[in-house]
Amino acid sequence: MTKLYTAFIKCLAAPMLLTACFATLKAAKAAAPQHKVTYWKKLIVSHRMDGITIVTLTYYSSMPNGPVMSESLLNGKFSQYLLAPHGMGGLFWTEAGNKAALNIFSLVKLVKLRSSQIGYNRVKQLSGWPSDIHPFTLNPNFKPAPPPPFYASKTTASIGSLKKTGAAVFEGHKCLILQQHSQNLGNAGKQIDRFWWDVQTHYIWKEEDIIYPPANSPTPPTRRVTYVKWVRPMKRTPAEVFRFPAATKVLVPGILGSLAVPPGGIKVKPPASRSYLGCDLSPEIRSLESVKGTKNETHYALPGHVPTPNHKRN
C-alpha cells in the first residue's frame, strides 16, 4: 500500500515539477539580457594600379538592418559618399558636394516595391517611360552582378579553390596567403590574385592583384593592393554620423512615397520632368527609339504573383 501511495504521489508531482521547470526557463529567458548592438568602424586602403590611393572609412553595426555609411579621404578630409540608414538591404543614398540622391540600385528596389503595389505599367507611366519601348531601364527583374567571392574585408570559409602559397602575420593577424588560378588576359598577359586569410576568423585582411604582361613585353608588372588597416568598435551609437551634412540638397523623388529620408540636409523635389524617379531617362529613351527590336515588351509578372491586368506589359 505504501509503495502504491508513493508511486501515486510521484505521478501527481511530475506534471507540477515539469510546469515549474517551464516557468523557471521562461523566467530565465525573460531575465536574460537583450542582444547589445555593437557599432564598428573600419578603415580600408586601396593602392590602385594607376597610382591612385583610395582610403575609405566605413561605419556599420552588428544588426543586419543597422545603418551603414562610408566616407572617402579627399584633400585630407573624409567626405561621405554612401549612406544606408537601414542596412545593406535598405536604400542607399549617395552624396557628392552639396547634393544627395538615391543611387540606381535603390531605385530598382523601389520600382519593384511600387510595381507590387500599384502595378508595373503604372510605375513605368509615372516614370515617363513609353509603354512600347523595351527594356525599361529600372525593370524590377534587373539584378546587379554578384560581388567577387574573395576580396579584402570579406569573411569567407570557402577556400577550397585557392592555392596555399605561404603564411604571414599582417597587422598582428596570423594569415595564410592564398592564391587564385591565374587569369588569362589575352594580349595584356595574365593576372594573379592573392589573399591574406585569417586562420582564426576567416577574415580577408589583404588582397593583392598583379598583372604580368606577356613575356616579350617591355611593360613591367602592375600591382593593386587593398587592405583593412583596422576594425574598431565604437563606444557609442554613431547616430550623428548617419545624417546628411548641413545645407546638403537632398533630392526626394515621388517614388520614395512615405519612406523615411535620413536626417539633415534640405529636402528638395526634382523638376517636373523627373519628379517620380528623380533622374532623367529621356536620353536613353531617344537612343532606344532609334534601335530596332526594342519595341513590344514581353509578358511580365512579379515573382510569386498571379498575373493581373495591372501586371501585364503592353
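What you see is a predicted model, and the numbers here were worked out from it, not measured in a lab.

What counts and how
Residues numbered from 1 in each chain as written. Predicted model: local features only at pLDDT ≥ 70, side-chain atom pairs only at ≥ 80, totals over all residues. Heavy atoms only, no water. Helix = DSSP H or I, 4+ residues; strand = E, 2+ residues; numbered from the N terminus. Buried < 20%, exposed > 50% of the residue type's maximum accessible area, 1.4 Å probe, protein only. Contact = heavy atoms within 4.5 Å. Areas by Shrake-Rupley, 256 points an atom, 1.4 Å probe, with all protein chains shown as cover. Expected span 1.5 Å × (residues − 1). Salt bridge = Lys/Arg side-chain N within 4 Å of Asp/Glu carboxyl O. Core = buried A, V, L, I, M, F, W, Y, C linked by side-chain atoms within 4.5 Å. Pairing = 2+ DSSP bridges. Phe/Tyr/Trp six-rings, centres within 6.5 Å; stacked < 30°, edge-to-face > 60°.

### Observations regarding the overall build of the protein chain
At step 1: Summing up its helical and strand segments, the protein chain has four helices and 14 strands in all.
At step 2: Going through the 314 residues of the protein chain one by one, you find that 35% of them count as buried.
At step 3: If you take every contact in the protein chain between residues at least 6 apart in sequence, the share linking residues at least 24 apart comes to 44%.
At step 4: Of the roughly 19,500 Å² of accessible surface on the protein chain, a fraction of 60% belongs to carbon and sulfur atoms.

### Describing helix 2 (residues 104-118)
At step 1: The end-to-end C-alpha distance of helix 2 is 21 Å, a good match for the 21 Å that 15 residues give at a rise of 1.5 Å each.
At step 2: Where helix 2 is concerned, the buried positions are Ser106, Leu107, Val108, Leu110, Val111, Arg114 and Ser115.
At step 3: On its buried side, helix 2 packs onto strand 6 (99-102) and helix 3 (120-127).
At step 4: Gly119 sits one or two positions beyond helix 2 and adopts a positive phi of about 100°.

### Observations regarding the pattern of salt bridges
At step 1: One pass over the structure, following the stated rule, counts five salt bridges.
At step 2: Salt-bridge contacts for Glu208 lead to Arg194; the nearest nitrogen and oxygen are separated by 3.4 Å. In this pair, Glu208 is assigned in strand 11 (residues 204-212) and Arg194 in strand 10 (residues 190-198), connecting sequence segments 14 residues apart. Residue Glu208 shares its accessibility class with Arg194, and that shared class is buried.
At step 3: Ionic pairing is found between Asp209 and Arg224, a salt bridge with its closest N-O pair at 2.4 Å. Linking Asp209 in strand 11 with Arg224 in strand 12 (residues 222-233), this pair joins segments that are 15 residues apart in sequence.
At step 4: Since its relative accessible area comes to 1%, Asp209 is described here as buried.
At step 5: Judged by its relative accessible area of 28%, Arg224 falls in the partly exposed class.
At step 6: Each member of the salt-bridge network shares a partner with another, and the members are Arg194, Glu208 and Arg223.

### Quick notes on the environment of Pro130
At step 1: Examined against the element boundaries, Pro130 turns out to sit in the loop between helix 3 and strand 7 (163-170).
At step 2: In the structure, Pro130 is positioned 159 residues away from Glu289 in sequence and 9.7 Å away in space, judged by C-alpha atoms.
At step 3: Once residues within four sequence positions are removed from consideration, Pro130 is found in contact with Lys124 and Ile285.

### Side note on the nonpolar core
At step 1: Residues Trp93 and Leu256 are the most contacted members of the largest nonpolar core, which totals 44 residues.
At step 2: Once residues within four sequence positions are removed from consideration, Trp93 is found in contact with Tyr81, Leu82, Leu83, Pro85, Ala101, Leu102, Phe244, Val250, Leu251, Leu256, Val261 and Pro262.

### What to know about unusual backbone geometry
At step 1: Look at the link from His134 to Pro135: it is a cis peptide, with omega at 0°.
At step 2: Position of Pro135 among the secondary structure elements: in the loop between helix 3 and strand 7.
At step 3: Of note in this structure, Glu171 is not a glycine but carries a positive phi near 50°.
At step 4: Following the sequence through the fold, Glu171 ends up in the loop between strand 7 and strand 8 (173-179).
At step 5: In this structure, His202 takes a positive phi of about 65° despite not being glycine.
At step 6: Relative to the helices and strands, His202 is located in the loop between strand 10 and strand 11.

### What to know about the pairing of strand 7
At step 1: Examined bridge by bridge, strand 7 and strand 8 share seven bridges and lie antiparallel to one another. Its bridge partner being in strand 8, Gly166 is matched across the sheet by Ile177.
At step 2: From the end of strand 7 to the start of strand 8, which pair antiparallel, there are two residues, and Glu171 there has a positive phi angle of about 50°.

### As for the packing of aromatic side chains
Two aromatic rings, taken as a pair, are described by how far apart their centres are and by the angle between their planes.
At step 1: Per the counting criterion, the structure on display carries six aromatic pairs.
At step 2: Consider the rings of Tyr120 and Phe136, whose centres lie 6.3 Å apart with planes at 65°: the pair is edge-to-face. Here Phe136 lies in the loop between helix 3 and strand 7 and Tyr120 lies in helix 3, a separation of 16 residues in the sequence.
At step 3: Look at Tyr120 and you get buried, because its relative accessible area is 0%.
At step 4: Overall, the relative accessible area of 1% leaves Phe136 in the buried class.
At step 5: Where Phe170 meets Tyr227, the ring centres are 5.9 Å apart and the plane angle is 70°; that geometry is what we call edge-to-face.

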